[in-house]
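Survey of secondary and tertiary structure
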Amino acid sequence: MLRCTPRRVRCALFVVLVAGALLSASAGNANFARPQGAILAGSSPASSAGAPCTPSGSRLRSQRSTSSSTIHSYDDFVEDVQSAPDICSSNIVTNDNLAVMMGIHIHDRPAFSVDDGYRIYLDTDSDPATGSGALPGEPAGAELLIEILDGTSTLRRWSGTSFDQLTPQPAISTEWIDGYGPALEIGRKDLGEVQSFTFVIVTSNGADHDLAPDAGSWSYTLSELELAPGRLAVGQAKAGKPLVARMVVVRSDFDVALEEGAIKCSAEIGGKRLGGEGAFADERVRCT
Ligand SMILES: [Ca+2]
Ligand SMILES: [Ca+2]
């Protein structure tokens, strides 16, 4: 299994991803550069908090993904709530070999609030006839529920009558990404190593809810992390000087350049095998 990045770095990558998705909103003050390659290319225009990210009633595309990455983006209508956080476009799911990362795009909130609830209902057998029953603000068919209250995520499992909190609780890294909304990372093992699931995102404030999608569910199929090598650039060979080769390698979970992991260098010149040392530099893999 490919070595995966530490949680902290994955969260940073998630921020990069979202910064890319929100280019129109953050181009002037983004702390993160838009990564190489078009992340979420062609996504609906996003917006800063307080402005609709997609005009109400517009035709929405859903379940898009870039051709080479595992990132999927899902759109909900905006201005379809009274008081609940309004889910809009570019809700995101992706995964690597260890974890699933999910982002909820909320255009009318700047941060978590104790009065707001966020729930992700996961139908892990993709069978709406099994699992939870439908109630106002609750879709049917979920086996697992990730509940986010005031910035803390809790995993619950359907018992037949209610969603019971799992004990012990898995670590679910959760944060509010500026200008975007809640983002979380949960271990694939904590989701039962499912290969696919359907899901519904629900926000609440008082008695008001926003369900995304409005009816039915969205689906996501996990993929193993893939590394896509770019063009190999080999420097000039000079007597007494090290020979350097560089390559951009793109990781499929966030469609960004690989910047850590194990590098094995080997080459053959004139029938002679050469070794080398690998390192990451300038978003490239380098062998010297
Ligand atoms: Ca909405
Ligand atoms: Ca089910």
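So, how was this worked out
Residues numbered from 1 in each chain as written. Chains lettered and ligands numbered in written order. Predicted model: local features only at pLDDT ≥ 70, side-chain atom pairs only at ≥ 80, totals over all residues. Helix = DSSP H or I, 4+ residues; strand = E, 2+ residues; numbered from the N terminus. Buried ≥ 20, exposed ≤ 12 C-beta atoms within 10 Å, placed from the backbone. Core = buried A, V, L, I, M, F, W, Y, C linked by C-beta atoms within 7 Å. Contact = placed C-beta atoms within 7 Å. pLDDT = per-residue confidence, 0-100.

**Structural notes on the overall build of the protein**
The helix and strand inventory of the protein stands at two helices and 22 strands. Out of the 288 residues in the protein, the part that is buried amounts to 39%.

**Notes on unusual backbone geometry**
Excluding glycine, residues mostly carry a negative phi; peptide bonds, for their part, are mostly trans. Residues T167 and P168 are joined by a peptide bond in cis, for which omega reads -5°. Looking at the element boundaries, P168 is found in the loop between strand 8 (163-165) and strand 9 (173-177). In the segment running from A212 into P213, the intervening peptide bond is cis, with an omega of 0°. Tracing the backbone shows P213 in the loop between strand 12 (208-212) and strand 13 (218-221). For D282, which is not glycine, the phi dihedral falls at a positive 50°. Considering the arrangement of structural elements, one finds D282 in the loop between strand 21 (278-281) and strand 22 (284-287). What makes D282 exposed here is the crowd of 9 C-beta atoms within 10 Å.

**A short note on the nonpolar core**
Core analysis: the biggest nonpolar cluster contains 38 residues, and M102, Y121, L122, I146, F199 and I201 have the highest contact counts within it. Contributions of two or more residues to this core are made by strand 3 (91-95), strand 4 (99-103), strand 5 (116-123), strand 6 (144-149), strand 7 (152-158), strand 10 (181-187), strand 11 (196-205) and strand 12. Per-element accounting of this core gives the leading share, five residues, to strand 11. Other than its neighbours up to four places away in sequence, M102 contacts I92, V93, I120, A183 and L184.

**Some points on the confidence of the model for the protein**
Mean pLDDT over the protein works out to 80, with 76% of the residues at or above the 70 mark. Segment residues 15-51 is flagged for pLDDT under 50; beyond a separation of four residues in sequence, or across chains, it makes 75 contacts in the model. Scored below 50 in pLDDT, residues 54-66 shows 30 contacts in the model against residues more than four places distant or in partner chains.

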